[in-house]
Amino acid sequence: MDGMDGMNAMDGSRGSVIEGSGQNGRVSVPTDLATRHEPRLPSPVRDVPDAWLAERGVELRLKRDDLIHPLVPGNKWRKLIPNVRAAVERGHTRLLTFGGAYSNHIRAVAAAGAAYGLSTVGIIRGDELADAPRNWSLARAEESGMELAFVTRSAYRETLRALSQDDPRTLRELQERWGRCWVLPEGGTNVPAARGAAEVGAELPDLGARDIVCCAVGTGGTLAGIAAGLPAGAGALGIAVLKGGAGYLDTEVARLHQRGWDRTFDNWRIEHGYHGGGYGRVPAELEAFAARFEERHGVRVERRYVAKMLWAVHDLAERGTLPRGSRITAVITGPPDPENAPAQPDT
């Protein structure tokens, strides 16, 4: 397809490209994030002594990906940086992506673009936000130089649907509006992102048959990469944070495996019963669990993804779904919101 370098719009082997004249000049020497803040890789692994879990025959340890980088933490580093470096290598000067009002991905793309000398555009779900005061998350993205474009929720969904199908009209409209862009999908999940997440397994050299590596699942890229990178015998468990993702998320993970590794994997599964009512929703039971976990173990817990994952681990241990003798490595995919940030409304 003209203007896409022969790659699928939302799932190319290197990312998506919209060709056009653009408005900025070529980047000469990009500033790599790793030269500004040395990434903490491998990310630390911390054993979590927990008598309650021990009584149920389960060990827990935390893979602290939230500590990888102060500007692009957690799975965002693993998923985003391979895409950004590929964009720079191919001479792109603009990143364009999609997200909601409190999107971790939007903030990470803004920070990474600024560090690499790239302009960034965030297509934000919800046109009612255009004239509203910026929340802390969108304000931080703008501080990093990102241009925000607010669209209706229906237009947002339709654009993502069309891009997933390489719709030429949608690609042409984006090109006319924004020029030559490297397009990152919502959440940053594509094949390069999944391959980046596969490095988690290599950082856990002692994995064996009793091990289950667990992560929250929003778009499926992190789980797909983790599962693909595990040694024989170890398993991957994803905890869906979205309501209504059963079937779709499982299909997406399998699709990423086929496109990225040209094979399937049978060492993973997704639990869909711990979304707490939907993305961004934190029911009282979940909040109480997260607060107790923080008090017992001295680790602040992000609520929309990480808390749901840990909540699921404890409930699955209680139900006996996790075999006795299991060791769970819970990947902490992102840091909590700033302590002074107001609670997030449903978006």
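Going by the structure above, here's the rest.
Okay, so let's go over this structure. Position labels on residues start from 1 in each chain and follow its written sequence. The predicted nature of this model means local features are confined to residues of pLDDT at least 70 and side-chain atom pairs, given and counted, to a pLDDT of 80 or more, with totals for whole chains, interfaces and linings taken over all residues. Side-chain metrics rest on all non-hydrogen atoms present in the structure, leaving aside hydrogens and water.

**Observations concerning the overall build of the protein**
For helices the rule is a DSSP run of H or I covering at least 4 residues; for strands it is a run of E covering at least 2, with both sets numbered from the N terminus onward. Secondary structure assignment for the protein yields 13 helices and 11 strands. Throughout this description, buried means an accessible area under 20% of the type-specific maximum (1.4 Å probe, protein chains only), exposed means over 50%, and partly exposed covers the range between. Among the 347 residues that make up the protein, the fraction classed as buried is 56%. Using the Shrake-Rupley algorithm and a 1.4 Å probe, accessible areas are obtained, with residue cover drawn only from the displayed protein chains. Carbon and sulfur atoms make up 48% of the accessible area of the protein, which totals about 14,800 Å².

**Observations regarding the nonpolar core**
Proteins that are soluble and globular tend to have nonpolar side chains buried together. Within the largest apolar cluster, 31 residues are counted, with the highest numbers of intra-cluster contacts made by L60, L62, M309, L310, L322 and I328. Going through the elements one at a time, β3 (58-63), β8 (211-217), β9 (235-240), α12 (284-297), α13 (303-319) and β11 (326-331) are the ones with two or more residues in this core. We call two residues contacting when some pair of their heavy atoms lies within 4.5 Å. In this view, I328 contacts V58, E59, L60, R61, I212, C214, V313 and L322; residues no more than four positions away in its chain are not counted. I106, A112, L148 and F150 belong to the second largest nonpolar core, which has 26 residues in total. Here, nonpolar core refers to any group of buried Ala, Val, Leu, Ile, Met, Phe, Trp, Tyr and Cys residues whose side-chain atoms link them within 4.5 Å.

**Focus on the packing of aromatic side chains**
Centre distance within 6.5 Å is the pairing criterion for rings of Phe, Tyr and Trp, where only the six-membered ring of Trp is used; planes under 30 degrees apart are then read as stacked, over 60 as edge-to-face, and the remainder as tilted. Inspection of the entire model under this criterion finds 5 aromatic pairs. Seen from their ring centres, Y274 and W311 are 6.3 Å apart, and the 75° between their planes marks the pair as edge-to-face. Of the two residues, Y274 sits in the loop between β10 (268-271) and α12 while W311 sits in helix α13, which places them 37 residues apart along the sequence. No difference in accessibility class separates Y274 from W311, as the two residues are buried. Aromatic pair F289 and F293: ring centres 6.2 Å apart, planes at 40°, arrangement tilted. In this pair, F289 and F293 both sit in helix α12, 4 residues apart, roughly one turn of the helix. Comment: the charge-over-ring label is applied if NZ (Lys) or CZ (Arg) is within 6 Å of the ring centre and within 35 degrees of the ring normal. Residue placement shows R125 over the ring face of Y156; its charged tip is 5.4 Å from the ring centre. In this structure, R195 is placed above the aromatic ring of W261, and the distance from its NZ or CZ to the ring centre is 4.9 Å.

**Structural notes on helix α11 (residues 248-261)**
The end-to-end C-alpha distance of α11, which contains 14 residues, comes to 20 Å, matching closely the 20 Å that a straight helix rising 1.5 Å per residue would cover. Along α11, the residues that are buried comprise L249, E252, V253, L256, H257 and G260. The arc that holds every buried residue of α11, seen down its axis, measures 140°, which confines them to one face. When the buried face of α11 is taken as reference, the exposed residues oriented beyond 90 degrees from it are Y248 and T251. Here the buried face of α11 lies against α8 (191-197), β8, α10 (221-229), β9 and β10. Helix span is expected to be 1.5 Å times the residue number reduced by one. Read the arc as the range of directions from the helix axis to the C-beta atoms.

**Observations regarding the pairing of strand β5 (residues 119-125)**
With 7 of 7 residues buried, β5 is to be regarded as a mostly interior element. Both faces of β5 are covered, namely the face carrying S119, V121, I123 and R125 and the face carrying T120, G122 and I124. In this analysis, strands are considered paired if DSSP registers two or more bridges between them. The pairing of strand β4 (residues 94-99) with β5 spans 6 bridges and is classified as parallel. For L95, the partnering residue across the bridge sits in β5 and is T120. Here, the term right-handed applies to a crossover whose path from the first strand over the helix to the second runs clockwise when the strands point away from the viewer. Regarding the hand of the β-α-β motif, the stretch spanning β4, helix α4 (residues 104-116) and β5 is right-handed. In this structure, β5 lies alongside strand β6 (residues 147-151), joined through 5 bridges in parallel fashion. Looking at the pairing, I124 lines up with F150 of β6. Traced from β5 through helix α5 (residues 136-143) to β6, the parallel crossover comes out right-handed.

**Topic: α10**
Among the 9 residues in α10, 8 count as buried, and that is most of the element. Within α10 the residues assigned to the buried category are G221, T222, L223, A224, G225, I226, A227 and A228.

**Re the sheet that holds β3**
An order of β2-β3-β11-β8-β9-β10 is seen for the 6 strands of this open sheet, with the pairing classed as mixed. In this open sheet, the two strands that pair with only one neighbour each are β2 (45-47) and β10. Taking each pair of neighbouring strands and ignoring which way they run, the sheet shows an average axis angle of 25°. Relative to β3, β2 runs antiparallel, the two sharing 3 bridges. Its bridge partner being in β3, D47 is matched across the sheet by R61. Interaxial angles span 0 to 180 degrees and are taken between N-to-C directions of axes, which are lines fitted to C-alpha atoms, for helices over the stretch in contact. Of the strands in this sheet, β8, β9 and β10 are in contact with α11, which crosses β10 at around 155°.

**Digging into the side chain of S103**
In this fold, S103 is placed in the loop between β4 and α4. Since its relative accessible area comes to 10%, S103 is described here as buried. Looking at S103, its side chain comes within polar contact range of the main-chain nitrogen of H105, at 3.2 Å. Two N or O atoms count as a polar contact when they lie within 3.5 Å, although within protein this holds only if one can serve as hydrogen donor and the other as acceptor, and sequence-adjacent residues are included solely when both atoms are side-chain atoms. Separated by 3.0 Å, the side chain of S103 and the backbone nitrogen of I106 make a polar contact.

Just distances and angles here, no functional claims.
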